[in-house]
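So you can see what is in the structure, the chains are spelled out below.
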Amino acid sequence: MNKDFRGNDRSRETRVNERIRTREVRLIDENGEMLGVMPPMRALDIARDRNLDLVEVSPHAMPPVCKLMDYGRYKYEQAKKENEARKNQKIITLKEIRMRPRTDDHDVEVKTRKIQQFLADGDKVKVSVQFRGPDMRHPDIGRKLLDGIAEELKGIATIERSPAMEGRLMSMIVSRAPGWEPPKKQAAPAAGKNKSAQAAAETEQEPVASATEQEPVASATSEATETPGGSQEQ
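Undergrad: Explain the sheet that holds strand 6 (residues 124-130) to me, please; I cannot follow it from the model alone.
TA: The strands that make up a sheet are held in pairs by hydrogen bonds between backbone atoms, and each pair lies either parallel or antiparallel. Reading across the sheet, the four strands line up as 5-6-8-7 and stay open at both edges, with mixed pairing between neighbours. Both edges of this open sheet fall to strand 5 (94-99) and strand 7 (157-166), since each of them pairs with a single strand only. For this sheet, the mean inter-axis angle between neighbouring strands, taken without regard to orientation, is 20°. Together, strand 5, strand 6, strand 7 and strand 8 (169-176) form the strand contacts of helix 3 (residues 105-120), whose direction differs from that of strand 5 by roughly 175°. The strands touched by helix 4 (residues 139-152) are strand 5, strand 6, strand 7 and strand 8; relative to strand 8, the strand with the most contacts, the crossing angle is about 10°.

Here you go:
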């Protein structure tokens, strides 16, 4: 086991520059080339000459392996990658839809569409039928209801847990079927574009004036004009 000069076990924390206190290190440069085995102080001098950090990358090797790098930039890039991974990570939650054994068909359709929305978001859904009083004597009604919903979700959902009684609830769990993609929503056209299209349509529909309407026809009887001699010609 590698130990520092004080005899303590090596920490799992990444050691950088002066914190590397082993007797020897195997040094790799910033381009991945092996520079050989040397004391850590000599490796640190090389790192400073190149304006880089000496970073211990394999503390349990014999001797430990160190690499020349810009440690601040390396930590920044690692944190950026972790943030991107967290953004792209989808947390699957378990939603629940409840109904009664004698829920009417319209409400069942509404709840089935809601289940599809949950599945489209990548969530799992627990579909439950709640029994009360006399309904407890007819569990077959609840099972029939859940079987009908499962049939409606065929191709969309996978039954992860078949209908089973849990006290006064009969429940099943469904998840999104592999390969199923929810239909993409079509974006509504902008209001400004609608107005422009409507104005263009109205312009196209407006009749074009004829040449006769644009140019008035001269009268057959011309107006009298006065000649220089004072007489009038018609």
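Moving on from the model shown.
Undergrad: Explain helix 3 here, please?
TA: A turn of α-helix holds 3.6 residues, and therefore any two residues three or four places apart point the same way. With 16 residues, helix 3 extends 23 Å from end C-alpha to end C-alpha; this agrees with the ideal 22 Å at 1.5 Å per step. Turning to helix 3, its buried residues are Val 108, Thr 112, Ile 115, Phe 118 and Leu 119. Buried residues of helix 3, seen end-on, are gathered within an arc of 115° and therefore sit on one face of the element. Contacts made by the buried residues of helix 3 are with strand 5, strand 6, helix 4, strand 7 and strand 8.

Undergrad: Help me understand the environment of Gly 167, please; the structure alone is not making it clear to me.
TA: By the element assignment, Gly 167 lies in the loop between strand 7 and strand 8. Along the chain, Gly 167 and Gln 130 lie 37 residues apart, while their C-alpha atoms are 9.3 Å from each other.

Undergrad: I tried to follow the pattern of salt bridges on my own but got confused; where do I start?
TA: Between side chains of opposite charge, pairing is possible as soon as their charged atoms come close. According to the stated counting rule, one finds 13 salt bridges in the structure shown. Across the pair Arg 100 and Asp 135 runs a salt bridge, and its minimum N-O distance is 2.9 Å. Residue Arg 100 is found in the loop between strand 5 and helix 3, and its partner Asp 135 is found in the loop between strand 6 and helix 4; the two are separated by 35 residues along the sequence. A relative accessible area of 30% places Arg 100 in the partly exposed class. Its relative accessible area of 13% is what places Asp 135 among the buried residues. Between Arg 176 and Glu 181 there is a salt bridge; the shortest N-O distance is 3.1 Å. Since its relative accessible area comes to 27%, Arg 176 is described here as partly exposed. Members of the salt-bridge network, linked through shared partners, are Asp 29, Glu 30 and Arg 50.

Undergrad: Help me understand the nonpolar core, please; the structure alone is not making it clear to me.
TA: Generally speaking, a soluble globular protein has its nonpolar side chains buried in company with each other. Met 99, Ile 115, Leu 119, Val 125, Val 127, Ile 149 and Val 174 are the most contacted members of the largest nonpolar core, which has 21 residues in total. Elements supplying a minimum of two residues to this core: strand 5, helix 3, strand 6, helix 4 and strand 8. Sort the elements by how many residues they give to this core and helix 3 lands first, with four residues. Once you skip the residues sitting within four places of it in the chain, Leu 119 turns out to touch Val 125, Ile 156, Ala 157, Val 174, Ser 175, Arg 176 and Trp 180. Counting residues in hydrophobic clusters, the runner-up holds 11 residues, among them Ile 20, Val 25, Met 38 and Ile 46.

Undergrad: What am I meant to see in the pairing of strand 1 (residues 25-28) here?
TA: Every regular strand shows the same layout, with side chains that alternate between the two sheet faces. Here strand 1 runs beside strand 2 (residues 34-38); their pairing, made up of four bridges, is antiparallel. Within strand 2, the position partnered with Arg 26 by the bridge is Val 37. From the end of strand 1 to the start of strand 2, which pair antiparallel, there are five residues, and Gly 32 there has a positive phi angle of about 90°. Two elements, strand 1 and strand 4 (residues 65-69), share three bridges in a ladder whose sense is parallel. Residue Ile 28 lies in a different strand from strand 4, and its bridge partner there is Lys 67.

Quick notes on the rules
- Along each chain, numbering runs from 1 in the same order as the chain's sequence is written.
- It should be noted that, the model being predicted, local features are given only for residues of pLDDT at least 70 and side-chain atom pairs only at 80 or more, the latter also being counted only at that level, while totals for whole chains, interfaces and linings use all residues.
- Values shown for side chains rest on all heavy atoms present in the structure; no hydrogens or waters enter the calculation.
- Each pair of strands is called paired provided DSSP finds at least two bridges between the two strands.
- Only runs of H or I of at least four residues qualify as helices and only runs of E of at least two qualify as strands under DSSP, and these elements are numbered from the N terminus.
- Angles run from 0 to 180 degrees between N-to-C directions of axes, and those axes are lines fitted to C-alpha atoms, restricted for helices to the stretch in contact.
- Should any heavy atoms of two residues lie within 4.5 Å, those residues are considered in contact.
- What a helix is expected to span follows from its residue count: subtract one and scale by 1.5 Å.
- The cut-offs for exposure are 20% and 50% of the maximum accessible area for each residue type, with area from a 1.4 Å probe on protein chains only; residues under the lower value are buried, those over the upper are exposed, and the others partly exposed.
- This arc corresponds to the set of directions leading from the helix axis out to the C-beta atoms.
- What makes a salt bridge here is a side-chain nitrogen of Lys or Arg within 4 Å of a carboxyl oxygen of Asp or Glu, nothing more.
- By nonpolar core we mean a set of buried residues, namely Ala, Val, Leu, Ile, Met, Phe, Trp, Tyr and Cys, connected to one another through side-chain atoms within 4.5 Å.

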